[in-house]
Amino acid sequence: MNPQPHLSPYGAGHTLVIESNFDGLVGPTHNYAGLAHGNVASAKNATLPSNPREAALQGLGKMRALCGMGLAQGVLPPQERPHIPTLKALGFTGKDSEVLAKTAREAPGLLAAVSSASSMWTANAATVSPSADCADGKLHFTPANLASHLHRSLEPATTARALAATFANSRHFSHHALLPATPAMGDEGAANHTRLCADYGAAGVELFVYGQGSDSEPKPTKYPARQTRAASEAVARLHGLRATQTVYHQQAPSAIDMGVFHNDVIAVGNRELLFFHQQAFVDAAGLKKQLQATLPTACFVEVLDTEVSVADAVSSYLFNSQLVCVPGEKGHTLIVAQECAENRKVWACIQRLVADPACPINAVQVFDLRQSMHNGGGPACLRLRVVLTEAERAAVNAQSWITPEKADALEAWVRRHYRDRLVFADLADPALLDENRSALDRLTQLLNLGSIYDFQRA
Ligand code: SUG
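Enquirer: Explain the site of the ligand to me, please; I cannot follow it from the model alone.
Expert: Residues in close proximity to the ligand total 21 residues, the closest being Leu35, Ser42, His151, Asp264 and Cys381. Within the backbone of Asn375, an N or O atom sits 3.1 Å from a nitrogen atom of the ligand. Of the residues in the shell around the ligand, the class split is 9 nonpolar, 9 polar and 3 charged.

Here it is, written out as structure tokens:
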């Protein structure tokens, strides 16, 4: 069933082009393994037991709430984990249970990597360009290669199938192959891509923020720069973006070294607004000028270091909030993680912004996403934004939309299939693999996605 029709936040007379959010459903193997170098929360919580059931319910709670606000909310499925085909490709043989036991014994790090539920962070699933920006008038998707980390590099093959099943109509949607998965083409998807526009349906300016550019540009010294400019340029070419409406800018290397492993940890945009920290970019003043040259109505809310430090921004994920236009309401609403309300300085900053009549951020909503946050995944990491015209929206797989009934069905599915505690030793348990497969088999029926998993295609 499609969600209820939306009122245009711009009033009558505007074409109904909306921005939808497709959140990643947290998978049954959600765990803390300390796999993400440069991601402070991942390192800090590496030995914590996880609660996959709670993680999935927290994510669904956010999806249900945004749907309740009248926003178009979709869902993308988790992946098959532990991923036995990868272990077999790496030389482990025998029955699945033997493969798991041998890997746990001989290469425990590998077992952690093939078991990660990291596909939940769909801001890294792909870069998406709305049809208004693309030369052929289609909506374009390029799955991110996630080449910087082994556990994440295992996602794109299934992500591509999930996106193709969700956005299947080739008259409206164009799906590209991922870029070559090598550091020189490192691509982490929408987490480093922001679109500003006067109206979702109007051509916008697409801002690609990269960590690694030419040899003469500064580099982080402690942590890796995951996104390359070369990758962003390739995505822009593939999508047929107009050069005059595409902006590339380097992320401050000092921020990467303080744990800002994706630009969406320190900046977020929505419609005409860019909300960012003073230390996000190498040249914030130059960037603002460049964006305004393309989009004169572009506006900026910049938070100074003296008000919120980068360390506080990273621990609270203030800038990993979602900025949304709630139908019928003025301005922008900030969807923040609970950690923002628990940080005195960050909360004071949010209150100041919301109370300021000159600030376009008018409201805040707080969500408990602690299970994901402990791995460095906040509200904005969990969602992939897709701007859709009415015709495109009608072409989306109908069962991928969240409605109250769909949220009920997914919550019941989680309660039936998910464990409430997981530690590293559990990853070698063959029963966990079976549980994951039977859960996903049922899920592909619930979401009408067809056979997107390797175990369904063998
Ligand atoms: O790639 N964490 C993810 C978090 C991704 C957040 N996404 C965005 N910012 N858009 C990462 O660093 C941790 C997994 C572990 O340690 O078990 C992890 O992969």
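Okay, back to it.
Enquirer: In this structure, what is going on with helix H16 (residues 404-417)? I would like to understand it.
Expert: For an α-helix, 3.6 residues make a turn, and residues three or four places apart therefore share a direction. Here H16 contains 14 residues, and its C-alpha end-to-end distance of 20 Å stays within 8% of the 20 Å for a straight helix at 1.5 Å per residue. Along H16, the residues that are buried comprise Lys406, Ala407, Leu410, Glu411, Trp413, Val414 and His417. Buried residues of H16, seen end-on, are gathered within an arc of 160 degrees and therefore sit on one face of the element. Residues of H16 that are exposed and angled more than 90 degrees away from the buried face: Arg415 and Arg416.

Enquirer: Just to check I follow, could you spell out the packing of aromatic side chains for this structure?
Expert: Each pair of aromatic rings is reported with the distance of its centres and the angle of its planes. In total, this model carries 10 aromatic pairs according to the counting rule given. A ring pair is formed by Phe22 and Phe167, whose centres lie 5.0 Å apart and whose planes are at 65 degrees; its orientation type is edge-to-face. Placement of Phe22 in strand E1 (residues 18-24) and of Phe167 in the loop between helix H7 (156-166) and strand E5 (173-175) is noted, with a sequence separation of 145 residues between them. Grouping residues by exposure puts Phe22 and Phe167 together as buried. Ring-pair connections join several aromatic residues into one group, and the members of that group are Phe22, Phe141, Phe167, Phe173 and Trp401.

Enquirer: Just to check I follow, could you spell out unusual backbone geometry for this structure?
Expert: Residues other than glycine predominantly adopt negative phi, and peptide bonds predominantly adopt the trans conformation. Of note, the amide linkage connecting Arg81 to Pro82 takes the cis form, showing an omega dihedral of -10 degrees. Tracing the backbone shows Pro82 in the loop between strand E2 (73-76) and helix H3 (84-89). Of note, Leu146 is a non-glycine position whose phi angle comes to about 50 degrees, a positive value. Following the sequence through the fold, Leu146 ends up in the loop between strand E4 (139-143) and helix H6 (150-153). Given the relative accessible area of 1%, Leu146 is considered buried.

Scoring rules and cut-offs
Residues numbered from 1 in each chain as written. Predicted model: local features only at pLDDT ≥ 70, side-chain atom pairs only at ≥ 80, totals over all residues. Heavy atoms only, no water. Near = heavy atom within 4 Å. Polar contact = N/O pair within 3.5 Å; in protein donor to acceptor, adjacent residues only side chain to side chain. Nonpolar A, V, L, I, M, F, W, Y, C, P; charged D, E, K, R; others polar. Helix = DSSP H or I, 4+ residues; strand = E, 2+ residues; numbered from the N terminus. Expected span 1.5 Å × (residues − 1). Buried < 20%, exposed > 50% of the residue type's maximum accessible area, 1.4 Å probe, protein only. Arc of directions from axis to C-beta. Phe/Tyr/Trp six-rings, centres within 6.5 Å; stacked < 30°, edge-to-face > 60°.

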